[in-house]
Amino acid sequence: MTTTGRDAAHTLEHAPAPGSMLTTAAARGLAVLRISTGFVFLWAFLDKTFGWGYATPSAKAWIDGGSPTKGFLSGVDAGPFQGFFHDIAGQGWADWLFMIGLLGIGVALILGIGMRIAAVAATAMMLLMWFAEFPPAKTGTSGEATHSTNPIIDYHIIYALGAIVTALTYAGHTWGLGRQWAKLPLVQRYRWLI
């Protein structure tokens with residue numbers, strides 16, 4: 001029996017994972033991808049907030065008055081949007097949006113809830129960061145090499161794809177709270193919250 005329209009979408013919404021289209025090993029692999037990708041975002045939030053000395057030294061921690069966007073965005077040295085990124089570097093609203101995004105995406109992916117929103121947010125954030133680094137440029141405005149290893153696909157694209165794939169495959173159902181989340185009345189009513 002073939003379903004079309006709303007019935008087909010409804011059937012896919014309730015597809016169990018693992019199910020007939022995913023092996024248990026594949027579902028677990030997607031769960032590992034989901035949790036790992038979520039941890040990348042959550043770790044970035046924590047390191048920028050507390051300055052644990054990885055990407056952010058303690059003197060530049062957000063809780064100590066540092067700006068989580070200023071260093072990266074003011075250092076943009078390539079691409080057609082360089083001026084835009086310099087203008088928003090260190091702006092309070094940009095810092096808050098960036099940090100809320102990192103925290104929300106990280107928590108959603110790790111818990112396996114709100115996967116669609118997390119995938120859209122992660123993709124938007126990663127595309128903005130891709131344009132900031134602008135991998136197609138071989139040299140920056142200073143004439144120095146950008147050290148881009150691939151003009152199209154870099155880690156920003158891979159993180160975005162990881163979020164998209166895990167959302168589309170209901171990876172939150174395995175080792176996550178996705179099944180329980182999907183049963184909530186609000187999520188049942190507004191399926192985009194899955």
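Residues numbered from 1 in each chain as written. Predicted model: local features only at pLDDT ≥ 70, side-chain atom pairs only at ≥ 80, totals over all residues. Heavy atoms only, no water.

In this section: helix α6 (residues 115-133). Taking 1.5 Å of rise per residue, 19 residues should cover 27 Å, and α6 covers 26 Å from first to last C-alpha, within 8% of that figure. Here α6 has its buried residues at Met-115, Ala-118, Ala-119, Ala-122, Thr-123, Met-125, Met-126, Met-129, Trp-130 and Ala-132. Looking one or two places after α6, you find Phe-134, whose phi comes out positive at around 45°. (Helix = DSSP H or I, 4+ residues; strand = E, 2+ residues; numbered from the N terminus. Expected span 1.5 Å × (residues − 1). Buried < 20%, exposed > 50% of the residue type's maximum accessible area, 1.4 Å probe, protein only.)

Structurally, Asp-47 can be placed in helix α2 (residues 24-50). There is no salt bridge for the buried Asp-47, and the closest opposite charge comes from Lys-48, which lies 5.7 Å off by N-O distance. (Lys, Arg positive; Asp, Glu negative; His and termini not counted. Salt bridge = Lys/Arg side-chain N within 4 Å of Asp/Glu carboxyl O.)

So, about unusual backbone geometry. Positioned with a positive phi, His-147 is a non-glycine residue whose angle comes to about 65°. With respect to the helices, strands and loops of the structure, His-147 is situated in the loop between α6 and α7 (155-168).

Within this structure's numbering, the places UniProt gives as "transmembrane region" (unreviewed entry) are residues 25-46, 102-132 and 152-171. Secondary structure across residues 102-132 divides into 90% helix and 0% strand, with the first and last C-alpha atoms of the span separated by 17 Å. End C-alpha atoms of residues 152-171 are separated by 27 Å, and the span's content is 70% helix alongside 0% strand. (UniProt positions renumbered as here; feature names shortened; annotations may be inferred.)

This part covers the packing of aromatic side chains. Across all of its chains, the model carries 13 aromatic pairs by this definition. Measuring from centroid to centroid gives 5.0 Å for Trp-130 and Phe-131, while their planes differ by 90°, and the two rings are edge-to-face. Note on Phe-131: relative accessible area 31%, which makes it partly exposed. Considering the side-chain rings of Trp-130 and Phe-134, the 5.8 Å spacing of their centres and the 65° angle between planes classify their relative orientation as edge-to-face. Assessed through its relative accessible area of 11%, Trp-130 is described here as buried. Among the aromatic residues, those joined into a cluster by ring pairs are Phe-39, Trp-43, Phe-50, Trp-52 and Tyr-54. (Phe/Tyr/Trp six-rings, centres within 6.5 Å; stacked < 30°, edge-to-face > 60°.)

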